[in-house]
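A structural walkthrough
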Amino acid sequence: MEIVAATPVHRVLCADCGTPIEPNSANLCIACLRNSVDITEGIPKQSTVSFCRNCDRFFSPPQTWTIAQLESRELLAICLKKLKGLNKVRLIDAGFIWTEPHSKRIKVKLTIQKEVFTSTVLQQIFQVEYLVQHTQCPDCAKLAAKNTWKALVQVRQKVPHKRTFLFLEQLILKHGAQKDTISVKEVKDGLDFFYAQRSHAIKMVEFLAGVVPVRSKSSEQLLSTDTHTNTANYKFTYSVEIIPICKDDLVCLPLKQARALSNVSPLTICARVGNALHLLDPATLQSVDVSATVYWRAPFDSLASVTDLVEFTVLDIEPSGPTRGKWVLADAQVAMSGAFRSAGGIEDSMEFDEGTVDQIYHTRTHLGGILQPGDTVLGYHLSRANFNSDDFAALLTDRIPDVVLVKKAYPNRRKKNKTRNWRLRSMAKEVEEGAVAGDPTARGVVGRMGGRDQRKVEEDYELFLRDLEEDTEMRAAVNLYKAQNPGMNAGSGLAGGKTRRKAKGQHSMDVDEAQTHGGQPEAGTQNSDMVAGEEDVHEEADFPDIKLDELLENFDEMTLGEGEGEEADHE
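One structure accompanies this document, and this report is about it. (Residues numbered from 1 in each chain as written. Predicted model: local features only at pLDDT ≥ 70, side-chain atom pairs only at ≥ 80, totals over all residues. Heavy atoms only, no water.)

What follows concerns the packing of helix α4 (residues 163–175) against helix α5 (residues 198–211). Helix packing for two helices is described by the angle between their axes and how far apart those axes are. Running from N to C, α4 and α5 point in directions that differ by 120 degrees, and their axes come no closer than 11 Å. With respect to their mutual orientation, α4 and α5 come out oblique. For α4 against α5, the interelement crossing comes out right-handed. Note on element contacts: α5 touches α4 through Met204, Phe207, Leu208 and Val211, opposite Leu168, Leu171, Ile172 and His175. Among the residues forming the contact of α4 with α5, the class breakdown is seven nonpolar, one polar and no charged. (Axes fitted to C-alpha atoms, helices over the stretch in contact; angles between N-to-C directions. Helix = DSSP H or I, 4+ residues; strand = E, 2+ residues; numbered from the N terminus. Parallel < 35°, antiparallel > 145°, perpendicular 65-115°, else oblique. Left-handed = near helix turned anticlockwise from the far one by under 90°. Contact = heavy atoms within 4.5 Å. Nonpolar A, V, L, I, M, F, W, Y, C, P; charged D, E, K, R; others polar.)

Evaluated as defined, the whole model comprises eight aromatic pairs. Ring geometry for Phe59 and Trp65: centres 5.3 Å apart, planes at 50 degrees, overall tilted. With a centroid separation of 6.1 Å and an interplanar angle of 35 degrees, the aromatic rings of Tyr234 and Phe236 are classed as tilted. Classification of Phe236 as buried rests on a relative accessible area of 13%. Among the aromatic residues, those joined into a ring-pair cluster are Tyr295, Trp296 and Phe300. Of note, Lys45 hangs over the ring of Phe126, and the distance from its end group to the ring centre comes to 5.4 Å. The positively charged end of Arg198 is found above the aromatic ring belonging to Phe236, 4.2 Å away from the centroid. (Phe/Tyr/Trp six-rings, centres within 6.5 Å; stacked < 30°, edge-to-face > 60°. Buried < 20%, exposed > 50% of the residue type's maximum accessible area, 1.4 Å probe, protein only. Lys NZ or Arg CZ within 6 Å of the ring centre and 35° of its normal.)

Here we come to the side chain of Ser389. For Ser389, the position within the fold is in the loop between β24 (376–381) and α8 (390–393). Within the structure, Ser389 has its side chain in polar contact with the backbone nitrogen of Asp391 (distance 3.4 Å). (Polar contact = N/O pair within 3.5 Å; in protein donor to acceptor, adjacent residues only side chain to side chain.)

The strand order β5-β4-β3-β8-β7-β6 describes an open sheet built from six strands, whose pairing is mixed. Among the strands making up the open sheet, the edge pair consists of β5 (64–66) and β6 (90–97). Adjacent strand axes in the sheet meet at a mean angle of 35 degrees when their direction is disregarded. (Pairing = 2+ DSSP bridges.)

Geometric descriptors of this kind do not, in isolation, establish any biological role.
Shown next, in the form of structure tokens:
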């Protein structure tokens, strides 16, 4: 076996330290080469990054603000852009070194290579420390200043209540239509939405036209102009008016318009409001949809609203056959609630209430599928009503029913004043100028504008909560959340109000939680008497309870406004 001798390696001494090394162009060992040549020269070891605390964005040169999480690829790219001289070397690797999140320091470890002499490449690892500077981006600076909006959407409805805007608020929150809004201000008969860009305002107008019947018009105001560059600065205003007819309102159509709408009966009730009015004739179950275009061509008002509803007791009901969806046509006999009273404790003896003439009313209703004898139902008492309407006066007297039933009521359940196991979100708003300063009811949810009747506000909100409980279609259009503390949530009486609690953090949210205050007994025997009375009352078996599977778990706290701690406004 022949042994091949290894090729001899010629070595030379390092010019600085005398260590034997393989020959290179510098005749220096690696240690001496690093001591004599620094390839990181010209690359700063300390730098700064700008961070906006309002919108949680980092400044990415030259003019971009980017949302980036700590130790993310986006933040690493921003940090590398801040380093000058990095283009003169070859970047091999880059990564974060862990630091405390509250330290306002970001450390990045870099590995670079550079050719220092002919055919001599040196690799070096070093770290750069970034100081996080809290500043304000231009967008947030505009938001902080007043009157910096570019577009305004004015939403109005000429009705004496706020239930439409309470429902509209929930639709906006569910679809995230408020994300581009600078601020929301409550004014008389509506809300004002402010935007930094015109496109955002147009998007909101289109959203409103898709969920409620509206008409809109726009205007613009010239702020400044530059004749040299032929550019101008405008402010845009969009006026959106919602049709002044709400759910469960009694409507009398003009005869000409009723004939045009499939010859429907002029006397109808508003069963539902979407992007069009859904009118229903309770005597025939005939329904028509009135679009916003058709309505504004010949506007009409409602005869009566839900505040004019009267309680009736169902004496007898007999379905007559026709059905349409959930509606069942039936002939009903009703009497006013409490119309008959026992006289002197003698059984089967009855007397009329003072001022009453006809105690039993025969009518035809669309609620045959849910009404039973003994139930309580709400309706309009037309035989004792006086309407200032030419269209209603033009109707034949024999074609006008004495009573128009609208919806079933649950008085026994309401008397028990049970708390609700769900809650709603709410947008933070400013109030109209001239509101009472320092008034805790003058900010927060819709209807909290200073100067309005507080009891009327509570009644509007309670009626809105009842509509959500009793109408599954309406409830499906909004987001309901599980209450963390059910004992502190909404009662069932009209006196039960709501408490506005602000969550902590920049992106805070107002939480509507109702208290069962107002009208409660103060002490002792009164309270015990009320409890005893409630135990004797049997609540309705078909009360539409909200199931837990309809409630959302995670309570998203991303809405308008800035939280300034946790507070509660008790009415």
